[in-house]
Amino acid sequence: MALFIDTHNQAHGTYPTGIDVPGLAAFLPGFLDACAAEGVSVHTGYVNLNEGRITCVTTGPDAEAVRRAHLAVGYIPDPDIIEVSTISPADLFYPQASI
């Protein structure tokens, strides 16, 4: 499965005005169901309630599946759903030994 990030931003109309932690908690079960229907798994989110932004980190078959899961619950992702890879100090200094 590929790893994706996407961002919702109130300034771009992709993050609901005034949503708070209870609102996010109420939203999550439906989003998880929509993700499951598309073969997408939610890993985490990073939110700034004051600025009206949230970044989602998911895995799934492709960016379109991530987009469909968001749209199914009324969230419009910013135009870019970006496929990414992880990198850490361990990845840089201790590359996987070939077997």
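The structure we're discussing is the one just above.
Below is a short write-up of the structure. (Residues numbered from 1 in each chain as written. Predicted model: local features only at pLDDT ≥ 70, side-chain atom pairs only at ≥ 80, totals over all residues. Heavy atoms only, no water.)

Along the backbone of the protein there are 3 helices and 4 strands. Counting from the amino terminus, the protein carries its helices and strands in the arrangement β-α-β-β-α-β-α. Expressed along its principal axes, the backbone C-alpha trace of the protein runs to roughly 50 × 30 × 25 Å. Here the protein holds 99 residues, and 30% of them are scored as buried. (Helix = DSSP H or I, 4+ residues; strand = E, 2+ residues; numbered from the N terminus. Buried < 20%, exposed > 50% of the residue type's maximum accessible area, 1.4 Å probe, protein only.)

Once that is clear, we can look at the pairing of strand β1 (residues 2-9). The buried fraction of β1 is high, at 6 of 8 residues. Direction of pairing for β1 relative to strand β3 (residues 53-60): antiparallel, over a ladder of 8 bridges. By the bridge assignment, His-8 is partnered in β3 with Ile-54. Pairing analysis gives 3 bridges linking β1 to strand β4 (residues 82-84), with the strands arranged antiparallel. Paired with Ile-5 across the bridge in β4 is Ile-82. (Pairing = 2+ DSSP bridges.)

Turning next to the environment of Ser-41. Among the secondary structure elements, Ser-41 is positioned in strand β2 (residues 41-48). Accessibility expressed as a relative area gives 40% for Ser-41, which makes it partly exposed. Measuring from C-alpha to C-alpha, the distance between Ser-41 and Gly-18 comes to 26 Å, with 23 residues separating the pair along the chain. Ignoring anything within four residues of it in the chain, the contact list for Ser-41 reads Val-57, Thr-58 and Thr-59. (Contact = heavy atoms within 4.5 Å.)

Here we take up the sheet that holds β4. Strand order in the open sheet made by the 4 strands is β2-β3-β1-β4, with antiparallel pairing throughout. One side of each edge strand has no neighbouring strand; the edge strands of this open sheet are β2 and β4. Within this sheet the neighbouring strands show an average axis-to-axis angle of 25°, counted without direction. Across the sheet, helix α2 (residues 63-72) is in contact with β1 and β3; its angle to β1 comes to roughly 40°. (Axes fitted to C-alpha atoms, helices over the stretch in contact; angles between N-to-C directions.)

Along its 18 residues, helix α1 (residues 21-38) runs 25 Å from first to last C-alpha, staying within 8% of the 26 Å computed at 1.5 Å per residue. The axis of α1 is deflected most strongly, by about 35°, at Leu-28, and proline Pro-29 appears within four residues downstream. Those residues of α1 that fall on the buried side of the exposure criterion are Leu-24, Phe-27, Phe-31, Ala-34 and Cys-35. Turning to α1, the residues buried within the fold contact β2, β3 and α2. Sitting at the amino-terminal end of α1 is Asp-20, which places a side-chain oxygen 2.9 Å from the backbone nitrogen of Gly-23. (Expected span 1.5 Å × (residues − 1). Bend = angle between axes of the 7 residues up to and from the residue. Polar contact = N/O pair within 3.5 Å; in protein donor to acceptor, adjacent residues only side chain to side chain.)

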